[in-house]
Amino acid sequence: MVHVTTKIERANASDIARLGEFTSATIHEAQGRRGALDSRIKPIDRDTSFVGSAFTVVCAPRDNLMLQVAIHYAQPGDVLIVAAGGFPEAGMFGDVLGNACKAKGIAALVTDSGVRDTQELRALGLPVFSGSVSIKGTVKETLGALNQPVVFAGESIRPGDVVKGDADGVVVVRREEVCEAAELSAARDAHEATLIEQYWAGCTTIDLCNLTEVLKAKGLTTDIEDES
C-alpha cells in the first residue's frame, strides 16, 4: 500500500517568477553556493530554461509507473523531480508523456535517469533535464512515493521547494528562502555588472579582486620584478 500526497505548499507565484529572472549559477552562488544538482543533470535543449515548484516522484529503476501518476496529479507550473535511482539505461520519458505534461502546463521534467525522443521533445518546447539519453524502454510495475522529501542528484529536495534550470544546470531553493535568494541574486548581478564595466574601463583582474598581496604572500613572482 502506498499513500499518494497530492496537496503541497508552494511559494507565491510572483516570488517564483522573480527568482526565475536569474541564472542557476547566480542563484547557487548567491545563496552561499548551495542547491546545485549534480552536474550530469543537463538539458536536452540548451536553449530552454524553467522555474517552478518541485513535485517529487520516486520511481523504481527502468519503471515509470509513478511518473504517469505524477503527471495526473501535478499542477500547472510544477516541475516534476523524478528520482529513479540514477539508472542511465532507460528512456523513462519521451514525446508522448512530454505532450501530456505540456497539455497540463507542467513547467519542466528533471530526472536522474534517461529520456528519449529528444528531437520531438525539443520541438515540443518542454524543458527536459536528465542524467542520460537512452532508447531503452521501461515497465509500469512498481509503486513509489509522490511529494515526499527526496535526495536527488546530491541535494535534498522537498515538495514545493523552488527549482530553476537553464543551460548550465539546475539549482534548488528552499520554499521559505525564495524571496531572500532573489534579493541576493539581484545584488550579485549588480556587483558583477559593475565589475564588467570596470574591466572595459581598463581595470585588471588582480586589481579588482584585490589579489596583489594575496599572490605575494603565496610566493608568486613575475619577470617584471626581474627587470627592476
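Residues numbered from 1 in each chain as written. Predicted model: local features only at pLDDT ≥ 70, side-chain atom pairs only at ≥ 80, totals over all residues. Heavy atoms only, no water.

Take the pairing of strand 2 (residues 50-58) next. Taking burial as the measure, the nine residues of strand 2 include seven buried ones, the bulk of the element. Both strand 2 and strand 8 (residues 162-166) contribute to a ladder of four bridges, which runs antiparallel. Bridge pairing links G52 to V163 in strand 8. Of the pairings in the sheet, the one linking strand 2 to strand 3 (residues 78-83) comprises six bridges and is parallel in character. By the bridge assignment for strand 3, V57 is matched with V82. Taken together, strand 2, helix 3 (residues 65-73) and strand 3 form a β-α-β motif whose crossover is right-handed. (Buried < 20%, exposed > 50% of the residue type's maximum accessible area, 1.4 Å probe, protein only. Helix = DSSP H or I, 4+ residues; strand = E, 2+ residues; numbered from the N terminus. Pairing = 2+ DSSP bridges. Right-handed = clockwise from strand over helix to strand, strands pointing away.)

Here we take up helix 4 (residues 95-104). Those residues of helix 4 not exposed but buried are L97, G98 and C101. Buried residues in helix 4, looked at end-on, bunch into an arc of 105°, giving them a common side. In helix 4, the exposed positions angled more than 90 degrees off the buried face are occupied by V96 and A103. Contacts made by the buried residues of helix 4 are with helix 3, strand 3 and helix 5 (118-124). (Arc of directions from axis to C-beta. Contact = heavy atoms within 4.5 Å.)

What follows deals with the side chain of K164. Relative to the helices and strands, K164 resides in strand 8. Buried charge without a salt bridge: K164, with D166 as the nearest opposite-charge side chain at an N-O distance of 4.4 Å. Within the structure, the side chain of K164 is placed 2.9 Å from the backbone oxygen of G20, a separation counted as a polar contact. From its side chain, K164 meets the backbone oxygen of F22 in a polar contact 2.5 Å long. Once residues lying within four places of it in the same chain are set aside, the contact partners of K164 are G20, F22, T23, S24, I27, S49, F50, V51, G169, V170 and V171. (Lys, Arg positive; Asp, Glu negative; His and termini not counted. Salt bridge = Lys/Arg side-chain N within 4 Å of Asp/Glu carboxyl O. Polar contact = N/O pair within 3.5 Å; in protein donor to acceptor, adjacent residues only side chain to side chain.)

So, on to the domain arrangement of the chain. When cut into domains, the chain gives domain 1 (13-178) and domain 2 (184-218). Between domain 1 and domain 2, the contact holds six residues from the first and five residues from the second. Taken over both partners, the interface formed by domain 1 and domain 2 buries close to 530 Å², and the fraction arising from carbon and sulfur atoms is 61%. Our enumeration of links across domain 1 and domain 2 arrives at zero salt bridges. Connecting domain 1 to domain 2 are one residue pair in polar contact (both at pLDDT 80 or more). By residue number, the principal contributor to the side of domain 1 that touches domain 2 is helix 2 (residues 24-30), which donates four residues. Residues that form the side of domain 1 that touches domain 2 fall into these classes: three nonpolar, one polar and two charged. (Domains from an automatic or database assignment. Buried area = accessible area lost by both parts, 1.4 Å probe. Nonpolar A, V, L, I, M, F, W, Y, C, P; charged D, E, K, R; others polar.)

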